[in-house]
Amino acid sequence: MKVEEIISYISDEELNFLALETSVDVQVKKLHGSKVFKIILYSMLNSNRVSLRVMESIIKSARFKFISGIDDLDTKYNSIRDRLCTINCTYFERLFESIFVKYNELLEEQFAITRVDSTFIGLSTNLLKWGMKNGHSDKYRFVKMTISLKGSLPSSAQLYTDQKSVNENIALADAILKNKHLDDSIVTFDRGLQTRKKFVDFTDKDILFIARIKTDTAYKIAKERIMPTNTENEKLQIIQDLEIYFKMNGAYRKHHTFRLIIGYIKESKKPIHFITNNLELEPMEIAEIYRQRWDIEVFFRYLKQNLNLKHIVSRNENAIKVMLYMTLILSILIIVYKKKNKITSYKIAKLRFEIELENFVMREVVLFCGGDPNKAKHLFNSS
């Protein structure tokens, strides 16, 4: 699938429609929401370390002017900075959600596993005065990003800066409950979320989940299920499949039944407890779904190493949110390109995406000029 086909799913009509819905351009003369979107997207594609000055330079490039249709901007980096700090980030959140839905359908991954986890980005307290502490050091402040990965694509994201959200019982649960794309999906997350009240909340909202709990968690057996013949693989042995009640506030909540799969890791002989509210899957299927949770760790590495998520363009919280959503939008485009063209490496997929886009622009410019570069001289005006 060609780059121009992939990008064509994001239309100017949709950008302008969402701009009206979110009022992102009220009392704005130059840097409309759609223009900011295009500036950031192409800056990310053209630089491994996006900055405000990189964006200022991108605006002047013939390539950007041609492919974006914007050739009337003469904007300095400080104007871009001010706009990022005040622009309605809901515009970018809505774009991200819309783009996820389109490409999720393109990849036919509507019935996929959703993995949820968090990652931290830190700056020296000399640069970032607000944010949360993570650990005992006072040298850094952090922002926390909790992201849901449905199938191959990010489907939801939340940014946390308050100290209480260091606790995954708060952040992970909040992110899961706010996710709008959990239909026909099972959510899986790590041991950071242990609060049984949240397991009840998920069940009450018909959110299916698979996680791990501590081996000393209090519970009461309601039923011991018959074990199937397939109870092990090369790494894991399942020994019990139970339906249980949790003890909460000193009493067992019998109106909420959960499933506890007990096993042990063969190499270390350490016990492992899986918890779920799904009563249909086989024990090894539950263990396999939890194993696939690791894919989100790979995704975080891709965001930080290949899309430079760890580099913060602005220390303003609103601007950080905008850049988070833009990073996830770009990640969707590259992941779709990677899968559709059967490329194994994220790094190579991004490189080939950039090269193909550049070749497409060059070809279109040549066709536009018809052999006469004077027809496109306005694109090369960098004053």
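For the structure itself, look to the data block above.
Since this is a predicted model, take the numbers as computed values, not measurements.

Novice: So what about a nonpolar patch on the surface? Which residues, and what values?
Specialist: There is a patch of nonpolar side chains on the surface, built from Ile348, Leu351 and Ile355 and spanning about 240 Å² of accessible area. With respect to the helices and strands, Leu351 occurs in helix H13 (residues 346-369). Take Leu351: its relative accessible area is 43%, and that puts it in the partly exposed class.

Novice: So, the pattern of salt bridges: which residues are in play, and what are the values?
Specialist: On inspection of all chains with the given rule, the structure shows 20 salt bridges. When the shortest N-O distance is used, the salt bridge between Lys144 and Glu168 registers 2.7 Å. On the criterion of sequence distance, the pair formed by Lys144 in strand E2 (residues 140-150) and Glu168 in helix H8 (residues 168-178) is long-range, its members being 24 residues apart. Residue Arg259 pairs with Asp241 through a salt bridge whose shortest N-O separation is 2.9 Å. Here the residue Arg259 occupies a position in strand E9 (residues 258-265), and Asp241 occupies one in strand E7 (residues 236-248), the gap between them amounting to 18 residues. No difference in accessibility class separates Arg259 from Asp241, as the two residues are buried. Each of the salt bridges in this network shares a partner with another, and the network as a whole consists of Asp117, Asp190, Arg293 and Glu297.

Novice: Report on helix H7 (residues 90-106), specifying residues and quantitative values.
Specialist: Taking 1.5 Å of rise per residue, the 17 residues of H7 would be expected to cover 24 Å, and the 24 Å separating its terminal C-alpha atoms lies within 8% of that figure. For H7, the set of buried residues is Tyr91, Phe92, Leu95, Phe96, Glu97, Ile99, Phe100, Tyr103, Asn104 and Leu106. Just past H7, the residue Glu108 takes up positive phi, approximately 55°.

Novice: Tell me about the side chain of Arg259, and please be specific about residues and values.
Specialist: Owing to a relative accessible area of 1%, Arg259 belongs among the buried residues under this scheme. Engagement of the side chain of Arg259 in a polar contact is seen with the side chain of Asp241, the distance being 2.9 Å. Within the structure, Arg259 has its side chain in polar contact with the backbone oxygen of Asn278 (distance 3.1 Å).

How each quantity is defined
- Residues numbered from 1 in each chain as written.
- Predicted model: local features only at pLDDT ≥ 70, side-chain atom pairs only at ≥ 80, totals over all residues.
- Heavy atoms only, no water.
- Patch = residues over 30% accessible without salt bridge, like charges linked within 9 Å, V, L, I, M, F, W, Y side chains within 5 Å.
- Areas by Shrake-Rupley, 256 points an atom, 1.4 Å probe, with all protein chains shown as cover.
- Salt bridge = Lys/Arg side-chain N within 4 Å of Asp/Glu carboxyl O.
- Helix = DSSP H or I, 4+ residues; strand = E, 2+ residues; numbered from the N terminus.
- Buried < 20%, exposed > 50% of the residue type's maximum accessible area, 1.4 Å probe, protein only.
- Expected span 1.5 Å × (residues − 1).
- Polar contact = N/O pair within 3.5 Å; in protein donor to acceptor, adjacent residues only side chain to side chain.

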